[in-house]
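Descriptive analysis of the structure
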Amino acid sequence: MGELDPVTLLAARFRAGISAAFPSVVDPEPLIAPSKNPKFGEFQCNAAMSLSKVVGQPPRDVALALVRSVDVAGLCEPLSEASVAGPGFINLTLLPGTLASLLDTMDRPGLGVTPIGAGRPIVVDLCGVNLAKQMHVGHIRATFIGDALARTFERLGYLVTRQNHVGDWGLNIAMVVAKLAELEARGERVDSLTLSDIEQLYKRAQSECSADERGLAAVKRFDLGPKALAELSAQVEGAREAMAGAKRTLVQLQAREPRTFALWQRVADVTMRECLDICRRMDVNVTAEHTAGESSYADELAPMVDELVARGVAEIDDGAMVIRVEGVEEPCLIRKSDGGFLYATTDLAAIKRRVGTIGADRVIYCVDARQSLHFRQVFGAAKAAGLTARAAGGPASLEHAAFGTILGEDGKPFKTRSGESVRLADLVGEAVDRAAGVLDQLLAGSEAGAAIGADERASIASAVGIAALKYTDLSSDRVKDYVFSFERMLAFEGNTGPYLLYALVRTKNVQRKAHSELGLGPDAFARAPIMVVQPEEKTLALTLLRWPSVLRSVAEALEPHRLCQFLYDLATSFSAFYSACKVLHAPDEASRLSRLRLCSLCERVLEDGLHVLGIRTIERM
Ligand code: ARG
């Protein structure tokens, strides 16, 4: 399908026209913008001003030259000297039929979206939970942004592989496994432990393994007495022992010693069951088949590092093995002097699999911005090691879709009152409860409310609550921090999930009424001639036509908030259209059918967009 967005279409025409008039200009920037004053058309070209410096002619002369060389036939009114305004703006007025015919082209099942992915593989690294820990506020963004980007690529026809790079290996995990082994040795049952129990054990293991060496030193230095000395010495002694135990467990784990491994498996099962369950509740497409935990690379690390050493990519630094990366201060550490491997080593092995085996063009990492040094090191090291070379030719691009922190109302990272991480399950529960409250108020005493039974009400509340939570996250500029507020995200006004669902429901309601009151079903207006006459119809049309290019820009910039902004623009332009232009009571049959068709197009684009964000839609509310 061809391009639909008039801005993109005009940009292409101007690019050609600029090159024809000024062949010396390389890669001209057409600078097409919405018109400042709609009296003079819908758009303007602002290129003459910047071109004037490049070609050394007054801007007005440049504009006049463009007016002669740019071909706008079939899109805009012919250009003339009168099109040039002020210092050199070129006013552009669309032909009366342009928007209608573009909308007509768009009104197909694919809504004008070209499957540019053509089945090419892309990997999206998302979610990234850790064993023995419940999902908390820190996983929200990795999960929502990751799922939305994966869906964006899918919608564009890419073959997407989601990878949940679960932190399920290493000393920390061995600590909790050692703890389970200890319980078992004491004859306690471990098979009924919940994730919350396991998390408690994990915390205890961590504190038991951390020796207060500083405290001991201070006691000695300041001579704080035999009692303090005995206490601290015992603590340090105990912690060293606990740590030694965890290290022994790690060795057993790495050797897949059956009893230890069974305990590890237990921790993995309990953690993943709960994680995947929450994902399902939140309509996030992350399932068991997407789990590609650190443990799945464990046996590949030693041979990979040996090979990198043999090839001279890695070098010894103070007993450890590192890869130096150009432009990054610290080298990428891949083997500690004690022989242990690191988070970065596993990420290198993951790149090998993602690029080498899966054949990904692009690997997208939806991970906290605080890991950006890690990814600069890993990406640089992967390149140096030749791991980004694709069999299909050309290097794969590794991209860190870094995101900011979720803050509490106090502007500090969002925590519970007691300073703990906020559990994701609690947030979802509260969002849905609050949504139910808001809905009850909204529907109280209304006719629509009476028609909706308890079950449907509960399912609407869950859709609205989860939409609120997801949308507030996705609509925030990805790299920035944002402040978490239930009140704001659940408002039915403004750029929120509930507002968009409400707008969608309105597009459906009109069509339902057309059917029940006027006997006009979808077939009556599906191919009706579209008429774009009123200014609100024009704005709605121009917004709808942006859909395919917005989707592409989300995929390119990895920024779901662009999609949210678009959907919000669409919802508000629909709302303006709906209050200015009568649909069911339009002045004549032709406008009625045309407007119904616009409503249906609007419904489908909103629905498409919400699905790409991973937001479940509803039929009524
Ligand atoms: N488990 C990691 C963490 O909690 C996130 C994993 C991100 N993905 C990756 N390939 N490193 O920080």
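Refer to the structure above for everything that follows.
So, here is what we can say about the structure in this document. (Residues numbered from 1 in each chain as written. Predicted model: local features only at pLDDT ≥ 70, side-chain atom pairs only at ≥ 80, totals over all residues. Heavy atoms only, no water.)

Topic: the packing of helix H16 (residues 454-474) against helix H18 (residues 497-518)
The description of two packed helices rests on the angle between their axes and on the distance between the axes. Packing of H16 against H18 leaves a shortest axis separation of 7 Å and a crossing angle of 125°. Taken together, the axis directions place H16 and H18 in an arrangement best described as oblique. Contacts between H16 and H18 involve Ala463, Val464, Ala467, Ala468 and Tyr471 from the former and Gly497, Pro498, Leu500 and Leu501 from the latter. Residue composition of the contact of H16 with H18, grouped by class: eight nonpolar, one polar and no charged. (Axes fitted to C-alpha atoms, helices over the stretch in contact; angles between N-to-C directions. Helix = DSSP H or I, 4+ residues; strand = E, 2+ residues; numbered from the N terminus. Parallel < 35°, antiparallel > 145°, perpendicular 65-115°, else oblique. Contact = heavy atoms within 4.5 Å. Nonpolar A, V, L, I, M, F, W, Y, C, P; charged D, E, K, R; others polar.)

Side note on the site of the ligand
The ligand sits among Asp125, Gly128, Val129, Asn130, His165, Tyr343, Asp347, Tyr365, Val367, Gln371 and Phe375. Here Gly128 contributes a backbone N or O atom positioned 3.1 Å from a nitrogen atom of the ligand. At a separation of 2.8 Å, a nitrogen atom of the ligand approaches a polar side-chain atom of Tyr343. Here the ligand, which alone exposes 350 Å², has 86% of that area covered by the protein. (Near = heavy atom within 4 Å. Polar contact = N/O pair within 3.5 Å; in protein donor to acceptor, adjacent residues only side chain to side chain. Areas by Shrake-Rupley, 256 points an atom, 1.4 Å probe, with all protein chains shown as cover.)

Examining the sheet that holds strand S5 (residues 121-125)
With parallel pairing, the four strands of this open sheet are ordered in space as S6-S5-S10-S11. Each having just a single partner strand, strand S6 (159-163) and strand S11 (397-400) make up the two edges of the open sheet. For this sheet the average axis-to-axis angle between neighbouring strands, irrespective of direction, equals 20°. Both S5 and strand S10 (residues 362-365) contribute to a ladder of four bridges, which runs parallel. Bridge assignment links Val123 to a residue of S10, and that residue is Val363. In the packing of helix H12 (residues 343-357) onto the sheet, contacts are made with S5, S6, S10 and S11, and the angle to S10 comes to roughly 140°. Along the sheet, helix H13 (residues 372-384) contacts S10 and S11; its crossing angle with S11, the most-contacted strand, is approximately 175°. (Pairing = 2+ DSSP bridges.)

Remarks on the packing of aromatic side chains
All chains considered together, the criterion is met by 12 aromatic pairs. Relative to Tyr158, the ring of Phe153 has its centre 5.5 Å away and its plane inclined at 85°; by these criteria the two rings are edge-to-face. Given the relative accessible area of 1%, Phe153 is considered buried. When its relative accessible area of 15% is taken as the criterion, Tyr158 is described as buried. Judged by centre distance (5.2 Å) and plane angle (50°), the rings of Tyr365 and Phe379 are tilted. In this pair, Tyr365 is assigned in strand S10 and Phe379 in helix H13, connecting sequence segments 14 residues apart. Three or more aromatic residues joined by ring pairs make a cluster, and in this case those are Trp169, Phe261 and Trp264. (Phe/Tyr/Trp six-rings, centres within 6.5 Å; stacked < 30°, edge-to-face > 60°. Buried < 20%, exposed > 50% of the residue type's maximum accessible area, 1.4 Å probe, protein only.)

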